[in-house]
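Spelled out from the first residue to the last, the chains are:
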Amino acid sequence: PDGRPLTGRTAVVTAGPTFEPIDPVRGLTNRSSGKQGYAVAAALAELGAEVTLISGPVALDAPVGVTRVWVEAATEMKAAVEARLNSDRGTDIAVMSAAVADWRVDGIASGKIKKKPGGPPSLALIENPDILAGVSAPGPRRPKLVVGFAAETSDLETNARAKLSRKGCDWIVGNDVSGEVFGSDGNAVTLFTRNGAEPWPRQSKTEVARKLAHRIADHFKA
Ligand code: C5P
């Protein structure tokens, strides 16, 4: 039916921050609220898609009709995404909106690190895998459409285009984060595809999500 053009399509969406443990009680994370990713998951489900939402720690309810998988560290997020991609159904749509931590702690302590007179401990960091680049890599399980996000404080177009080709995804939602974005309900974005750039007026994250879901539906119709 026209109201639910993504019926029969499968989608995976990542959202929220990751939490990279230091020891059993501490960790490194970031200020992503997860709102934009949750809104995308909800909008895809509203159009009929079967949505798996792979979420880092956030304080949001799962959207109606969406299957949520909780994860903490980036390595867990990557494994959860791969499990979804490897399921029998295949994946039509991937939208990677999570704010994945760039680094994790090398050598997570198995017990709580104690305060010692000699001064604070140092943390050794190692790079996290790029989940979006992995999902975008050519192969039989690559989703038909892979969408990434790029939060930039300057040179949005240059940086978003560089990300598009470096990561190998199909579209990038470029997000100008020089204003108010984090934790807020509004968002000013530009959709970069292989052939063009569509600036969208500032609108709520729900509206951005709905617009993106409709663009995705049009892509599959064409
Ligand atoms: O490189 P940068 O973090 O700016 O890229 C942002 C895009 O890449 C987002 O879509 C984000 O979800 C994704 N990403 C990822 N895994 C990472 C880093 C970013 O999936 N380790």
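Residues numbered from 1 in each chain as written. Predicted model: local features only at pLDDT ≥ 70, side-chain atom pairs only at ≥ 80, totals over all residues.

## A closer look at unusual backbone geometry
Then, in step 1: Here the phi dihedral of D155 falls at roughly 50 degrees; this positive angle occurs in a residue that is not glycine.
Then, in step 2: Within the secondary structure layout, D155 lies in the loop between β9 (145-152) and α4 (156-167). (Helix = DSSP H or I, 4+ residues; strand = E, 2+ residues; numbered from the N terminus.)

## Points about the UniProt feature "binding site: CTP" (unreviewed entry) in the protein
Then, in step 1: Mapped onto this numbering, the UniProt entry annotates "binding site: CTP" (unreviewed entry) at D102, K112, P129, D130, I131, L132, F149, K163 and K167. For the residues just named, distributed over 66 residues, the greatest C-alpha separation reaches 38.0 Å, placing them at more than one site.
Then, in step 2: Mapped onto the elements, P129 comes out in the loop between β8 (125-127) and α3 (131-136).
Then, in step 3: Note on P129: 14 C-beta atoms within 10 Å, which makes it partly exposed.
Then, in step 4: If sequence neighbours within four positions are ignored, P129 has contacts with A74, K78 and G134.
Then, in step 5: The topology assignment puts L132 in helix α3.
Then, in step 6: What makes L132 buried here is the crowd of 26 C-beta atoms within 10 Å.
Then, in step 7: Sequence-distant contacts of L132, defined by excluding residues within four places in its chain, comprise M96, G148, K167 and C169. (UniProt positions renumbered as here; feature names shortened; annotations may be inferred. Buried ≥ 20, exposed ≤ 12 C-beta atoms within 10 Å, placed from the backbone. Contact = placed C-beta atoms within 7 Å.)

## Concerning the environment of G34
Then, in step 1: Here G34 shows up in the loop between β3 (26-28) and α1 (35-46).
Then, in step 2: In this structure the C-alpha to C-alpha distance between G34 and A151, which are 117 residues apart in sequence, comes to 14 Å.
Then, in step 3: The contact partners of G34, leaving out residues within four places of it in the chain, are A15, G16, S55, V58 and L60.

## Quick notes on the sheet that holds strand β13 (residues 197-199)
Then, in step 1: One open sheet holds the eight strands; their spatial order is β5-β4-β1-β6-β9-β10-β12-β13, and the pairing between them is mixed. This sheet does not close on itself; its edge strands, each paired only once, are β5 (67-70) and β13. Each strand axis lies, on average, 15 degrees off the axis of its neighbour in the sheet, ignoring direction.
Then, in step 2: As paired elements, strand β1 (residues 10-15) and strand β4 (residues 50-55) share six bridges and run parallel to each other. (Pairing = 2+ DSSP bridges. Axes fitted to C-alpha atoms, helices over the stretch in contact; angles between N-to-C directions.)

## Focus: the packing of α1 against helix α5 (residues 205-221)
Then, in step 1: Contact geometry for α1 and α5: axes closest at 8 Å, N-to-C directions at 45 degrees. What the angle tells us is that α1 and α5 run oblique. Crossing angle aside, the handedness with which α1 passes α5 is right-handed. Residue-level contacts link K35, Q36, A39, V40, A42, A43 and L44 of α1 to K205, T206, V208, A209, R210, L212 and A213 of α5.
Then, in step 2: A class-by-class count of the residues in the contact of α1 with α5 yields nine nonpolar, two polar and three charged. (Parallel < 35°, antiparallel > 145°, perpendicular 65-115°, else oblique. Left-handed = near helix turned anticlockwise from the far one by under 90°. Nonpolar A, V, L, I, M, F, W, Y, C, P; charged D, E, K, R; others polar.)

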